[in-house]
Amino acid sequence: MGLFGFGKKKRQSEEAAEAVAEENDKADEAISETAEAPAGGIQETILPEPSDEYDGRGDEHGPWDVDDENVPDYDEYLDMGAYYLPFLQGIELRVKANRATQQVLGTTITYGSSSVEIEAFAAPKTMGLWDDVRADLVEANKDAKETDGVFGTELTLPVVVKGGRKVVTRIVGVDGPRWMLRGIFSGKAATDPDHAETKALNQLFSNIVVERGEDPLAPRDLIPMHPPVAPAERKAAKEAAEAEQAGRTMDIPGQPKGPFDSDQQVEVKTTLSRGPMFSEVR
């Protein structure tokens with residue numbers, strides 16, 4: 001893990017811009033898994049009017065933290081490790097992973113002609129991260145412009161893709177408790193705030209539930225992710241774990257029945273041996 005220094009900030013600013021270009025080019029370095037999401041919808045949330053501040057996160061609207069008091073029920077969300085994705089009918093999910101290590105790096109949701117790339121980063125305990133990240137992006141990209149958006153101050157950043165074509169992206173960052181969720185919107189969702197695709201992807205982004213975890217992470221480190229786990233898989237794993245735990249609760253041979261008198265002496269003999277300290281559910 002790197003330190004929170006200028007060199008890292010500058011490098012990550014450049015990487016963010018490169019990630020935008022790679023996403024629009026569907027870079028060969030990324031491993032993509034494509035799947036149609038099942039029919040369903042996302043919780044309807046009224047997002048605020050465009051502003052330079054994003055107030056009410058964790059109370060009136062998301063993105064949410066798993067420990068927020070008003071966090072929506074995410075039992076039917078797709079578990080990505082760092083965050084839970086709500087389903088929206090008609091979306092396409094692509095998972096980006098490191099080709100060498102197979103480590104999941106992020107996800108991209110495509111809806112119509114628009115898409116949003118989503119990544120979750122660790123942040124300091126006492127302060128947000130988005131202001132610094134945004135400042136670094138502006139410094140590293142002369143064409144970047146700050147604008148008031150539904151998620152507070154956002155960035156509009158033109159990037160050049162293969163063939164020399166220039167596309168406009170909209171970069172959003174929302175701070176939560178010890179995390180920052182970043183979304184890179186493209187297509188109509190980056191240029192037309194009143195378009196149906198923009199509103200749908202804004203809603204999806206705002207309904208994401210982030211799980212930071214307790215692992216020690218340096219600020220700006222990606223929060224670890226894993227391949228998608230569907231709700232049915234989570235439910236099956238939970239039931240298997242409960243069944244395994246229930247199977248361990250057994251009667252000990254010769255175990256006396258209580259309660260006992262204070263002067264009652266009982267000798268208990270068992271043939272139980274110490275079992276494994278850890279169990280794994282696959």
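None of these values were measured; they are calculated from a predicted model.

### Some thoughts on helix H2 (residues 130-140)
Then step 1. Of all the positions in H2, only Trp 130, Val 133, Arg 134, Asp 136 and Leu 137 are classed as buried. Down the axis of H2, the buried set is contained in an arc of 160°. They therefore lie on one face. Turned more than 90 degrees away from the buried face of H2 sit Asp 131 and Glu 139, all of them exposed.

### A word on the side chain of Asp 68
Then step 1. In this fold, Asp 68 is placed in the loop between strand E3 (64-65) and strand E4 (78-79).
Then step 2. Residue classification places Asp 68 among the buried residues on the basis of a relative accessible area of 14%.
Then step 3. A distance of 2.9 Å separates a polar atom in the side chain of Asp 68 from a polar atom in the side chain of Arg 57.
Then step 4. In this view, Asp 68 contacts Arg 57 and Gly 58; residues no more than four positions away in its chain are not counted.

### Remarks on the sheet that holds strand E5 (residues 83-85)
Then step 1. Spatially, the 4 strands line up as an open sheet ordered E3-E13-E5-E4, and their pairing is mixed. In this open sheet, the two strands that pair with only one neighbour each are E3 and E4.
Then step 2. In the sheet, E5 pairs with strand E13 (residues 209-210) via 2 bridges, with the strands oriented antiparallel. Across the sheet, Tyr 83 pairs through a bridge with Val 210, a residue of E13.

How each quantity is defined
- Residues numbered from 1 in each chain as written.
- Predicted model: local features only at pLDDT ≥ 70, side-chain atom pairs only at ≥ 80, totals over all residues.
- Heavy atoms only, no water.
- Buried < 20%, exposed > 50% of the residue type's maximum accessible area, 1.4 Å probe, protein only.
- Helix = DSSP H or I, 4+ residues; strand = E, 2+ residues; numbered from the N terminus.
- Arc of directions from axis to C-beta.
- Polar contact = N/O pair within 3.5 Å; in protein donor to acceptor, adjacent residues only side chain to side chain.
- Contact = heavy atoms within 4.5 Å.
- Pairing = 2+ DSSP bridges.

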